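Chain by chain, the residues run as shown.
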Amino acid sequence: MKRLRQSLLGYFLLFAFMGNTADIYVSPTGTDINDGSKDKPLASLNMALRKAREMRRLTDFSTATIRIILIGGIYHLKEPVFIRPEDSGAAGHATIIMAAPGEEPVLSGGIQITGWKKLLTAIPGLSPKARNNVWVADLKSVSTQTLDFRQLWINNIKGVRAKDANGETMNRIISWNKKEQTCWIPTPKIPGFSSIKGAEFFIHQWWAIAILRIKKMNVQGDSTQLFFEQPESRIQSEHPWPAPWISRETGNSAFYLTNALPFLDEPGEWWLDKQAQKLYYWPRKNEQLATAEVIAPVLENLLQIQGTAEHPVRNVFIKGLRFQHTGWLRPSQQGHVPHQNGLFMTDAYRLNPPGTKEKPGLDNQAWVGRPAAALSVAYATGVSVDECYFEHLASTGIDFHRGIRECLIRGNLLKDIGGNGILAGVYSDPGHEIHLPFNPSDTRDHCSNLTITDNLVTDVTNEDWSCVGIGLGYTQHSLVTNNEVNNVSYSGITMGWGWSPAPNIMKNNLIYRNRIHHYGKHNYDCSGIYTLSAQPGSRISENYIDSIYRAPYAHLPSHWFYIYTDEGSSGITVSNNFTPSAKYLQNAAGPDNTWINNGPAVNDSVKSKAGITSNYRSLLKESVSADPSVSVNEEHSEVLELITREGVQPDLNKLKLLLAANQMDSTALYQWKNHIVYFGKLQDLGVMQGRIQNNFPETEVKAYHDLFYQYSKEKHCTDKSVAKEWDHILLSTNLVADPKMQQEYLDYHATQFEKWPELSRGFCNADFQQLLIFRNGRQLVLVISIPKGESLDKLNPKTTENNPRVNEWNKLMGKYQEGLYGAGEGVKWVFLEKIENSK
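Residues numbered from 1 in each chain as written. Predicted model: local features only at pLDDT ≥ 70, side-chain atom pairs only at ≥ 80, totals over all residues. Heavy atoms only, no water.

### A few points about the state of the cysteines
One pass over the full model with this rule turns up 1 disulfide. Covalently, Cys717 is tied to Cys764 through a disulfide, its sulfur atoms 1.9 Å apart. On the S-S bond that ties Cys717 to Cys764, the torsion sits near -95°, and the link is left-handed. Of this pair, Cys717 sits in the loop between α9 (713-716) and β62 (726-735) while Cys764 sits in helix α12 (residues 757-765), placing them 47 residues apart in sequence. In this structure Cys717 comes out as buried when scored by relative accessible area, which is 4%. (Disulfide = S-S within 2.5 Å. Helix = DSSP H or I, 4+ residues; strand = E, 2+ residues; numbered from the N terminus. Buried < 20%, exposed > 50% of the residue type's maximum accessible area, 1.4 Å probe, protein only.)

Following this line, the structure appears as structure tokens:
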């Protein structure tokens, strides 16, 4: 043994060694029988780790810093890299896995697809249009194993898995039958649709999505009934939150179908014939498949740092590496029904009657699993991930799960990721019901003193829209600071889990000086920063939050916020955050929350100091630009209408008190006959509709979710000065009953500024401050805002001065309108008079 140790010592001295540091080199052109010197590098990170482990075990290097230096190039991994407690460094003498200076080593979980040929023969199911444009690759020539994947990158741009709705469009479901676990949809106008096998159903529902494998289809003319595979069929139909959205006011849940050859009908789409191992792709313009790099993922995880409670991994630093091309196949095998933050439900159902011992009002139970991550860490102390790039990934980028102490995530790029950018802390273990607090007595399971700083999180959540930019579960004493999060489908940064004010391990977390913008691209019930459950001593301070997208298929178009303390949030101080307005929600929050000085009037230093600091600002060149096809939403006044039985006057004092109790302007009431309209700011339109309905059960309460037209003097006029105070004139009418004409009316207004610019010039000439049109079904409410003290009778004629196109427009629109019931013959628009003395 002594002779063996001497031999090993001599071997290890071949490594570069200076002072108390040893270097092991790895290169894509190396070989694992080399000694790991700079001139004779190893080929794999796993072998380098083994050699470092043996150095610490068998020689005096136990107190040395060991650097594993990766030369630039692509490392095609056949299995994940594992780092264990035996790979730990010592205090001041870490194990460092790093990029060689100036080089870009890539850990890739993908395989390159080559051998593309133009498709020359007819394939059953493929349209003639596509047949002339599609290329095919034989995967058997690429791999001896059967390949299955849900993502494909062409020159590092993600392809689109073939779907029935082109571009960003989606269709609307007709109905959902929870008892039968089926859904009715409009039958797609696709030849051979009824014979499609293996397709999937992607549905948007509230704050989440679901992916269901279609078991069979019952095509009945223009409607089709879908049946789904288990277990997702049961979970989707039995869990109450979130659920398919059915609404005449805002439209039913949006969906698309995917993964079938007949859906391949536009550039950028692909389809995998798994059984035949053929891959079909319609190249985008300027893509040459003979030279393009086409990558399909084969691994779900690239690097796992896994310790134990007794023996955590210590003092391991990851620096300057690139993590690319992971997949995630669970949706193909079991479907995907996430609850929130991408955590998929393994079981869930409604409680009938509601209530548990811990939470008497609870109406549901759920258990969740955690999606795969490119880099996952558990039971680790003093581990850092620094200046790495995480790109082109199917699921989570970085996941620091449990048993985390004094760890650091700093200066990283997270981009083009299907799921979460960063997750940290326990959410719910597989056997732990999600509404039960996580409060283990063994503190070794806690996530504590984690710092997440100076990271750019951009274009993540681009497949699972229920995911977030940065998500903290049960953590304590952790800091999320100076990150930038943009272009995400749901919330920017979330903190907490459990929906309960009961004690748990969360406390003293700080979300500080982050820049969050262009969020909520697809899902609402979201916010820039979102919290759940009790977390005493936690603070949300000096963040910059702006520019939520106007999500095209949001279940409730106004149900978005800048900051949102959700159920059970307790002990949190929210202070000095910049937001364009005070659109916040405190929903069933617990005690001891403090809100101080938030909104547009904060000190300018809050805006200038938020976001990535100067040492890492070069990351911003990687930021994805805002999507020009999706506009930005802004808080605006809302419309609620109470309609009583004819001749019945509601209790106005009771209504005013209810408005005041909900921080609403009790003077903002208008009336025409039995119609009373509130026009003003409020926290949540849907919630307030329910509260008014509960207090006035004999009254019909209508919420006008569809603000489909907005003119603003500040945006549309040369003179952008606006009056300090406004008067609002409210009018109402109905659209005609013909749905085709209703759509024509909406289409005219959607293009009015481009095709009828004379109208906005007329509004500017009349000094109209704003003009809004809201819709609920056929009924419209028009709001014209003018400088306070002015008269509409005086200003309105100015809209047509030297402007005959305004009269043309008014005449044209007249054919689409008809008066409300009781308006009188020939009367189309009725004026609602402001109710005076409403205080």
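### Here we look at the sheet that holds strand β20 (residues 254-258)
The 7 strands are arranged β14-β20-β17-β18-β19-β16-β15 in an open sheet whose pairing can be described as antiparallel. At either margin of the open sheet sits one strand with a lone partner, and together these are β14 (171-172) and β15 (175-177). Pairing between strand β18 (residues 208-220) and strand β19 (residues 223-228): 6 bridges, direction antiparallel. Along β19, the bridge assignment pairs Gln220 with Ser223. (Pairing = 2+ DSSP bridges.)

### Some remarks on the environment of Val219
If you trace the backbone, Val219 turns up in strand β18. With relative accessibility at 30%, the residue Val219 sits in the partly exposed group. Sequence separation of Val219 and Pro552 is 333 residues, and the distance between their C-alpha atoms is 28 Å. If near-sequence neighbours (up to four positions away) are discounted, Val219 is found in contact with Thr187, Phe193, Ser194 and Thr224. (Contact = heavy atoms within 4.5 Å.)

### Here we look at the pattern of salt bridges
One pass over the full model with this rule turns up 37 salt bridges. Two residues, Glu104 and Arg322, come together in a salt bridge whose shortest N-O distance is 3.3 Å. Placement of the pair is Glu104 in the loop between β6 (95-99) and β7 (105-108) and Arg322 in strand β27 (residues 322-326), with a sequence separation of 218 residues. The partner of Asp445 in a salt bridge is Arg402, with the nearest N and O atoms 3.9 Å apart. Of this pair, Asp445 sits in the loop between β39 (422-424) and β40 (447-448) while Arg402 sits in the loop between β35 (396-400) and β36 (404-405), and the two are 43 residues apart along the sequence. (Salt bridge = Lys/Arg side-chain N within 4 Å of Asp/Glu carboxyl O.)

### Quick notes on the packing of aromatic side chains
Tallied over the entire structure, the rule returns 32 aromatic pairs. On the basis of an interplanar angle of 35° and a centroid distance of 5.3 Å, the ring pair of Tyr584 and Trp595 is categorised as tilted. Taken as a pair, Tyr584 in strand β54 (residues 584-586) and Trp595 in strand β55 (residues 594-596) lie far apart in primary sequence, 11 residues in all. Over the ring of Phe227 we find Lys216; its NZ or CZ atom is 4.7 Å from the centre of that ring. A cation over an aromatic ring shows up here: Arg805 above the ring of Trp756, its NZ or CZ 3.8 Å from the ring centre. (Phe/Tyr/Trp six-rings, centres within 6.5 Å; stacked < 30°, edge-to-face > 60°. Lys NZ or Arg CZ within 6 Å of the ring centre and 35° of its normal.)

### Remarks on helix α14 (residues 804-814)
Turning to α14, its buried residues are Val806, Trp809, Met813 and Gly814. One face of α14 carries all of its buried residues, which in axial projection span an arc of 135°. For α14, exposure combined with an orientation more than 90 degrees from the buried face picks out Pro804 and Lys811. For α14, the secondary structure elements touched by its buried residues are α10 (739-750), α11 (752-755), α12 and β65 (817-818). (Arc of directions from axis to C-beta.)

### Examining the nonpolar core
With 85 residues, the main nonpolar core has Ile68, Ile318, Phe323, Phe390 and Phe400 as its most contacted residues. With 6 residues, the single largest contributor to this core is helix α2 (residues 45-58). Counting 54 residues, the second-largest nonpolar core is a separate cluster that includes Ile123, Val134, Leu257 and Tyr564. (Core = buried A, V, L, I, M, F, W, Y, C linked by side-chain atoms within 4.5 Å.)

### Details of α12
Looking only at α12, the buried set comprises Glu758, Leu759, Ser760, Gly762 and Phe763. Residues of α12 that are buried make contact with β61 (706-712), α11, β63 (770-776) and α14. Phi turns positive, to about 65°, at Asp767, one or two residues after α12.

### Considerations on the environment of Tyr389
Summarising the element assignment, Tyr389 is placed in strand β34 (residues 389-393). Linking Tyr389 and Ala276, residues 113 residues apart in sequence, is a C-alpha distance of 35 Å. Ignoring sequence-local partners within four residues, the contact set of Tyr389 consists of Leu321, Arg322, Phe323, Leu413, Leu619, Lys621 and Glu622.

### Some details on the confidence of the model for the protein chain
For the protein chain, per-residue confidence averages 95 on the pLDDT scale, and residues scoring 70 or more make up 97% of the total. Per-element confidence in the protein chain is highest for strand β42 (residues 456-458), whose mean pLDDT is 99, and lowest for helix α1 (residues 2-12), whose mean pLDDT is 35. The low-confidence segment residues 1-18, where pLDDT is below 50, has 26 contacts with residues more than four positions distant or belonging to other chains. (pLDDT = per-residue confidence, 0-100.)

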